[in-house]
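# An overview of the molecular structure
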Amino acid sequence: ESPEDAIEYRQAAFKLVGNVFGSRLGDVARGDVEYDAEAVKQNAATLKVLMNLPWDGFGEGTQGGNAEDKVWSNKADFDEKAEASIKAVAALDEAAQSGDLNKFKAAFADAGKSCKTCHDSYRKK
Ligand code: ASC
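Anyway, here's the lowdown on the structure attached to this text. (Residues numbered from 1 in each chain as written. Predicted model: local features only at pLDDT ≥ 70, side-chain atom pairs only at ≥ 80, totals over all residues. Heavy atoms only, no water.)

## Some thoughts on the site of the ligand
Note the threshold: Near, as used in this document, describes a residue that has one of its heavy atoms within 4 Å of the molecule or strand being considered. Polar contact is the term for a pair of N or O atoms within 3.5 Å; when the atoms are in protein, one must be able to donate a hydrogen and the other to accept it, and sequence-neighboring residues count only if both atoms are side-chain atoms. The Shrake-Rupley method, run with a 1.4 Å probe, gives the accessible areas here. Residue values count only the displayed protein chains as cover.
Around the ligand, the structure places Phe-21, Gly-22, Gly-112, Cys-115, Lys-116 and His-119. Within the backbone of Gly-112, one N or O atom sits 3.2 Å away from an oxygen atom of the ligand. At a separation of 3.4 Å, an oxygen atom of the ligand approaches a polar side-chain atom of His-119. Notes on the ligand: free accessible area 310 Å², of which the protein chains cover 58%.

Okay, structure coming up:
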């Protein structure tokens, strides 16, 4: 896989994650859109799948795009943070499936922290 293909792949995956997390679920978490439990359940289940996708796009020698070179020189830590985000989103899905808005909001905030932790270290500013 060429670096260009890998970059395109991971950016496409993050685009979907950003849309489902930041907009579809974020609008509800922030109270900008009325809580529709079924829609939240569906979007959270989708996000749980999506959150597994980007990481395959960080193969050896695919430096570039918005990723800091540290991703590759510090791969074990990067992988740990990726795993933490997968777990946080799985917990978000579990909270969403409970149908309890407050549980959803708390899990949404936790998942957002896991996004930010990784961005702070590994996404170009
Ligand atoms: C989003 C988005 C991010 C994360 C992050 C959470 O909606 O686009 O990058 O949440 O801001 O802190």
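Still more to cover.
## Brief notes about the environment of Asp-110
We apply this condition: A run of H or I in DSSP counts as a helix once it spans at least four residues, and a run of E counts as a strand once it spans at least two, with each numbered from the N terminus.
Considering the arrangement of structural elements, one finds Asp-110 in helix α5 (residues 101-122). Separated by 68 residues in the primary sequence, Asp-110 and Gln-42 have C-alpha atoms spaced 19 Å apart.

## Considering the side chain of Arg-10
Stated precisely, the cut-off is as follows: With a 1.4 Å probe rolled over the protein chains alone, any residue whose accessible area is under 20% of its type maximum counts as buried; one over 50% counts as exposed, and the rest are partly exposed. Within this scheme the basic residues Lys and Arg register as positive and the acidic residues Asp and Glu register as negative, but His and the chain ends are omitted. The salt bridge criterion pairs a side-chain nitrogen of Lys or Arg with a carboxyl oxygen of Asp or Glu, the two atoms within 4 Å. Contacts: residue pairs with any heavy atoms within 4.5 Å of one another.
Within the fold, Arg-10 resides in helix α1 (residues 3-29). Buried and unpaired, Arg-10 has no salt bridge, with Glu-1 as the nearest side chain of opposite charge at 7.4 Å. If near-sequence neighbours (up to four positions away) are discounted, Arg-10 is found in contact with Pro-54, Gly-57, Phe-58, Thr-62, Gln-63, Gly-64, Ala-67 and Trp-72.

## A few points about the packing of α1 against α5
Quick reminder of the rule: Axis angles are defined between N-to-C directions and span 0 to 180 degrees, where every axis is a line fitted to C-alpha atoms and, for a helix, only to the segment in contact. Here the angle decides the label: under 35 degrees means roughly parallel, over 145 means roughly antiparallel, 65 to 115 means roughly perpendicular, and every other value means oblique. Less than a right angle of anticlockwise turn of the near helix away from the far helix marks a crossing as left-handed, whereas a clockwise turn marks it as right-handed. Amino acids outside the nonpolar list (Ala, Val, Leu, Ile, Met, Phe, Trp, Tyr, Cys, Pro) and the charged list (Asp, Glu, Lys, Arg) are all regarded as polar, and Gly is one of them.
Two numbers describe how α1 lies on α5: the axes approach to 10 Å, and their chain directions differ by 140°. It follows that α1 is oblique to α5 by the angle criterion. At the point where α1 passes α5, the crossing takes the left-handed sense. In this structure, α1 contributes Phe-21, Leu-25, Gly-26, Val-28 and Ala-29 to the contact, and α5 contributes Leu-101, Phe-104, Lys-105, Phe-108, Ala-111, Gly-112 and Cys-115. Of the residues that constitute the contact of α1 with α5, the class distribution is nine nonpolar, two polar and one charged.

The quantities given are spatial measurements derived from coordinates; they are silent on function.
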